[in-house]
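# Results of the structural survey
In case you want the letters, here they are:
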Amino acid sequence: MLFDSKSFGIMKSSLDGLAIQQQAILHNLANLETPGYKAKSVTFQDVLAGEEAGGAYDLKAYITTDDTTSIRPDGNNVDSDTESLKLYQNYVQQLYLYQKISGQFTNLRYVLNQSTR
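My aim in this report is to walk through the structure given alongside it, one point at a time. Keep in mind it's a predicted model, so treat the numbers as computed, not measured.

### With respect to the overall build of the protein chain
Check the secondary structure of the protein chain and you find 2 helices and 2 strands. Each helix (α) and strand (β) of the protein chain, taken in turn from the N terminus, gives the series α-β-β-α. Accessible surface, the protein chain as shown: approximately 7,900 Å² in total, 56% of it carbon and sulfur.

Take a look at the structure:
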């Protein structure tokens, strides 16, 4: 079935991870003027379980804080240009995945319509 397929699971996990990344970016932008605020970033780890586990796919997201840099005298290290670019890249990745999922449903709809004829 479509929802049990490995590719659908990968796309769903990826969208979940991108949503977490989007929240971190928006949080950074919201704290652009907060003295001492340190930007948060999200890193991902792909976890592909063995075939004995049904080949389940999971994407682990880890939120980290960059405490090593300071680009302003008040200790804040959020760069609005960098964060805006990250937000746009995140948007494009989400849009691509939504289009892929939509295509899966379009293919399924086509097969179902052909089988009822």
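The rest of the description comes next.
### Quick notes on the packing of helix α1 (residues 6-30) against helix α2 (residues 80-115)
The description of two helices packed together rests on the angle between their axes and the distance between the axes. Packing of α1 against α2 brings their axes to within 9 Å, and their N-to-C directions diverge by 155°. When the axes of α1 and α2 are compared, the pair comes out roughly antiparallel. In the crossing of α1 with α2, the sense of the turn from one axis to the other is left-handed. Within the contact of α1 with α2, the residues separate by chemical class into 13 nonpolar, 11 polar and 3 charged.

### Quick notes on the environment of leucine 15
For leucine 15, the position within the fold is in helix α1. Overall, the relative accessible area of 12% leaves leucine 15 in the buried class. Between the alpha carbons of leucine 15 and leucine 97 there is a distance of 7.1 Å; along the sequence they are 82 residues apart. When near neighbours in sequence (up to four residues on either side) are disregarded, leucine 15 contacts Gln94, Leu97, Tyr98 and Ile101.

### Structural notes on the nonpolar core
In this structure, Phe8, Met11, Leu15, Leu18, Leu97 and Ile101 together form the largest nonpolar core, which totals 6 residues. At the level of secondary structure, the elements contributing two or more residues to this core comprise α1 and α2. If you tally residues by element for this core, the top one is α1, at 4 residues.

### Some thoughts on the side chain of asparagine 90
Its location among the elements puts asparagine 90 in helix α2. Given the relative accessible area of 1%, asparagine 90 is considered buried. A polar side-chain atom of asparagine 90 sits 2.5 Å from a polar atom in the side chain of glutamine 94. What asparagine 90 contacts, discounting residues up to four positions off in sequence, is Leu18, Gln21, Gln22 and Ile25.

### Notes on the pattern of salt bridges
One side chain can pair with another of opposite charge once the charged atoms of both are near each other. Going through the model one piece at a time under the given rule, you end up with 3 salt bridges. We note a salt bridge from aspartate 74 to arginine 72, for which the minimum N-O separation is 2.8 Å. Among the salt bridges present, the one from glutamate 83 reaches lysine 86, with a minimum N-O distance of 3.6 Å. Of the two residues, glutamate 83 and lysine 86 both sit in helix α2, 3 residues apart, roughly one turn of that helix. We classify glutamate 83 as buried; its relative accessible area is 3%.

What counts and how
- Throughout this description, residue numbers start from 1 for each chain and increase along the sequence as written.
- Residues qualify for local features only when their pLDDT is at least 70, as the model is predicted, and side-chain atom pairs are given and counted only at 80 or more; totals for whole chains, interfaces and linings, by contrast, use all residues.
- Computation of side-chain values covers all heavy atoms of the structure but excludes hydrogens and water.
- Comment: elements are numbered from the N terminus, with helices defined as DSSP H or I runs of at least four residues and strands as E runs of at least two.
- For every accessible area listed, the method is Shrake-Rupley and the probe measures 1.4 Å; residues are considered covered only by the protein chains on display.
- Fitted lines through C-alpha atoms serve as axes, helices being fitted only where they are in contact, and the angles separating the N-to-C directions of these axes extend from 0 to 180 degrees.
- To sort the angles, those under 35 degrees are grouped as roughly parallel, those over 145 as roughly antiparallel, those from 65 to 115 as roughly perpendicular, and the leftovers as oblique.
- By the definition used in this description, the sense in which the near helix is turned from the far one sets the handedness, with an anticlockwise turn below a right angle giving left-handed and a clockwise turn giving right-handed.
- Three classes are used, and their members are as follows: Ala, Val, Leu, Ile, Met, Phe, Trp, Tyr, Cys and Pro are nonpolar, Asp, Glu, Lys and Arg are charged, and the others, Gly among them, are polar.
- Three labels apply to residues, based on accessible area from a 1.4 Å probe with only protein chains included: buried if under 20% of the type maximum, exposed if over 50%, partly exposed otherwise in between.
- The criterion used for residue contact is that any of the two residues' heavy atoms lie within 4.5 Å.
- The criterion is simple. A nonpolar core is a set of buried Ala, Val, Leu, Ile, Met, Phe, Trp, Tyr and Cys residues joined through side-chain atoms within 4.5 Å.
- Here a polar contact is taken to be a pair of N or O atoms separated by no more than 3.5 Å, where protein atoms must pair a possible hydrogen donor with a possible acceptor and residues adjacent in sequence count only if both atoms sit in side chains.
- A side-chain nitrogen of Lys or Arg and a carboxyl oxygen of Asp or Glu constitute a salt bridge if their distance falls within 4 Å.

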